[in-house]
Amino acid sequence: MFIIRKIKLSYTQIIALGTFALILTGGILLSLPIASKSKEATPFINALFTATSATCVTGLVIYDTYTHWSVFGQLVILSLIQVGGIGFMTVITLFSMFLKRKIGLRERRLLMESANTMRIGGIVLLVKRILIGTFIFESLGAALLTVRFYPEMGIRQGLYNGIFHSVSAFCNAGFDLMGKYGSFSSLTRYSNDIIVNLTIMSLIVIGGIGFVVWEDIQKNLLSFKKYRVHTKIVLSTTALLIFSGAVIFFITERNGNFSGMSLRESILASLFQSITPRTAGFNTISMTKLSEGGSLLTILLMIIGGSPGSTAGGIKTTTLVVLILGAISSSKGTSELSVFKRRLEDNALKRASSIAIIYICTTLLATMLICSTQSFSLKETLFEVYSAAGTVGLSMGITPNLNNLSKILIIILMYGGKVG
């Protein structure tokens, strides 16, 4: 931590530069011959793209993770996912704790920015809880997935796949090792598997609600009335988006993507498709076969994303709620914003509007630039762009065909979506 004390940059700049340094390191490692199964060097732009996708917990991939990358390359990707998911400042703090170094005020402020909380008091304790909670949830997820995987993969590969997919799901990354059953197949093989579906969905939701929400739930258990306003907004909005989205997907895809599925498989697919666009990147159905309505709903969910201080991206659930409250307030001719009998800050709407406008303008500009240089359809391009900006990872299959300019634009969007 002593290096941080000597750097004369703002807290936000340090976090942004630290994330960039992590991406660059990952790109260099992945470009080495040892990182690919063919033992040939991977082009740096493609390695950098993969490192950005892993660090920014996105999941967009130029190469199938299993078929292209060696075990070394896969472990580099997994490490980037883990550090990117919980935040590099959290990892630095972990090492400082091991080395018994004093964590000063400047480092605590950095942690506060990284965890997206306004409380500097107890921030180190929050970081400890983040690390412990991450270990518990990822371990439970790995155990459940290993039980399901080992009968067909063997205990060694089953355990490895269980750990990899648990970390990837909890960190909302979307990287998978199912290329052994078909390149870029994600979890389509397990569309009817209850254990895999429920485990992955649970990990995505838990990782996406935010570390501050964990703390509130741990403190107040199931007493909803005692939760902070932030926690109430996050939990209510998350539940509404999941179940309303699932109902809409069930209706729009029943005669298309879900045709031939049993009722149970259709329900699982609807729930999974409602959860995964909010920055996870896994899929149990083909994205290219989505109906127009299903594609539009997926893009909207990708724009919204998860919650502040979580492993997720997007404009965040809290921003959505503030924008809706602002619209309702404006229609009533008032300027006061209130939710759960609590008045929100006066500048909350201004901040939410700024985030939404910057997000929309940036993504539309990237869409126009990609469309002007490549022959993808508008729907495919919009899907890719919002998947990158929301750090989601879902794609209609155009990622491997991006040219270098498009790759750079997607890298910038993934990076911007991560640092916020």
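Residues numbered from 1 in each chain as written. Predicted model: local features only at pLDDT ≥ 70, side-chain atom pairs only at ≥ 80, totals over all residues. Heavy atoms only, no water.

Asks: How would you summarise the nonpolar core if you had to cite specific residues and measurements?
Replies: The biggest cluster of nonpolar side chains holds 81 residues, and the ones touching the most others in it are Ile81, Ile200 and Ile410. Apart from the residues within four sequence positions on either side, isoleucine 200 is in contact with Leu145, His165, Ala169, Leu187, Phe272 and Phe282. With 10 residues, the next largest nonpolar core counts Ile233, Val321, Val322 and Leu325 among its residues. (Core = buried A, V, L, I, M, F, W, Y, C linked by side-chain atoms within 4.5 Å. Buried < 20%, exposed > 50% of the residue type's maximum accessible area, 1.4 Å probe, protein only. Contact = heavy atoms within 4.5 Å.)

Asks: Account for unusual backbone geometry, naming residues and giving values.
Replies: If you check the backbone angles, asparagine 172 has positive phi at about 60 degrees while not being a glycine. For asparagine 172, the location among the structural elements is in the loop between α9 (155-170) and α10 (194-208). Relative accessible area serves as the criterion here: at 0%, asparagine 172 is assigned to the buried category. Of note in this structure, threonine 391 is not a glycine but carries a positive phi near 45 degrees. Structurally, the position occupied by threonine 391 is in the loop between α17 (378-389) and α18 (404-419). (Helix = DSSP H or I, 4+ residues; strand = E, 2+ residues; numbered from the N terminus.)

Asks: So, the pattern of salt bridges: which residues are in play, and what are the values?
Replies: A full pass over the atoms with the stated rule returns seven salt bridges. Of the charged contacts, one joins glutamate 215 and arginine 129 as a salt bridge, the two residues approaching to 3.3 Å between their closest N and O atoms. Here glutamate 215, found in helix α11 (residues 211-220), pairs with arginine 129, found in helix α8 (residues 123-153); they are 86 residues apart in sequence, far enough to count as distant. Between glutamate 215 and arginine 228 there is a salt bridge, with its nearest N and O atoms 3.6 Å apart. (Salt bridge = Lys/Arg side-chain N within 4 Å of Asp/Glu carboxyl O.)

Asks: Residues and numbers for the packing of aromatic side chains, please.
Replies: Here the structure, examined in full by the defined rule, presents nine aromatic pairs. Between phenylalanine 137 and phenylalanine 170, the aromatic rings sit 6.1 Å apart at their centres with planes inclined by 25 degrees, giving stacked as the arrangement. Taken together, the residues span a long stretch of sequence, with phenylalanine 137 in helix α8 and phenylalanine 170 in helix α9 at a distance of 33 residues. On the basis of relative accessible area, phenylalanine 137 is assigned to the partly exposed category, the value being 27%. Ring geometry for phenylalanine 224 against tyrosine 227: centres 5.7 Å apart, planes inclined by 70 degrees, an arrangement best described as edge-to-face. Given a relative accessible area of 34%, phenylalanine 224 falls into the partly exposed group. (Phe/Tyr/Trp six-rings, centres within 6.5 Å; stacked < 30°, edge-to-face > 60°.)

Asks: Got a sec to walk through a nonpolar patch on the surface? Specific residues and values, please.
Replies: On the surface, Val247, Phe250, Ile251, Leu263 and Ile267 cluster together into a nonpolar patch covering about 450 Å² of accessible area. Top contributing element to the nonpolar patch by residue count: helix α12 (residues 229-253), with three residues. Along the chain, leucine 263 falls in helix α13 (residues 263-275). You can call leucine 263 exposed: its relative accessible area is 58%. (Patch = residues over 30% accessible without salt bridge, like charges linked within 9 Å, V, L, I, M, F, W, Y side chains within 5 Å. Areas by Shrake-Rupley, 256 points an atom, 1.4 Å probe, with all protein chains shown as cover.)

Asks: Lay out the side chain of asparagine 172 in plain terms, naming residues and giving numbers.
Replies: One polar contact links the side chain of asparagine 172 to the main-chain carbonyl oxygen of isoleucine 204, over a distance of 3.2 Å. Setting aside its immediate chain neighbours within four residues, asparagine 172 contacts Val57, Thr58, Leu203, Ile204, Gly207, Gly208, Arg278, Thr279, Ala280, Thr311, Ala312 and Thr391. (Polar contact = N/O pair within 3.5 Å; in protein donor to acceptor, adjacent residues only side chain to side chain.)

Asks: Any chance you could break down the packing of α12 against α13 for me, citing the residues and the numbers?
Replies: At a minimum axis separation of 8 Å, α12 and α13 run at an interaxial angle of 130 degrees. The angle between α12 and α13 falls in the class oblique. Considering how the two elements wind past one another, α12 and α13 form a crossing that is right-handed. Side by side, α12 and α13 meet where Leu241, Ile242, Phe243, Gly245, Ala246, Phe249 and Phe250 of the first sit next to Leu263, Ser266, Ile267, Ser270, Leu271, Gln273, Ser274 and Ile275 of the second. (Axes fitted to C-alpha atoms, helices over the stretch in contact; angles between N-to-C directions. Parallel < 35°, antiparallel > 145°, perpendicular 65-115°, else oblique. Left-handed = near helix turned anticlockwise from the far one by under 90°.)

Asks: Can you explain α17? Please cite residues and give values.
Replies: With 12 residues, α17 should reach 16 Å at 1.5 Å per residue; the first-to-last C-alpha distance of 16 Å fits that figure. Listed in full, the buried residues belonging to α17 are Thr381, Phe383, Glu384, Val385, Tyr386, Ser387, Ala388 and Ala389. Summarising the contacts, the buried residues of α17 are in contact with α14 (292-304), α16 (348-373) and α18. The positive-phi residue at the C-terminal boundary of α17 is threonine 391, with phi of around 45 degrees. (Expected span 1.5 Å × (residues − 1).)

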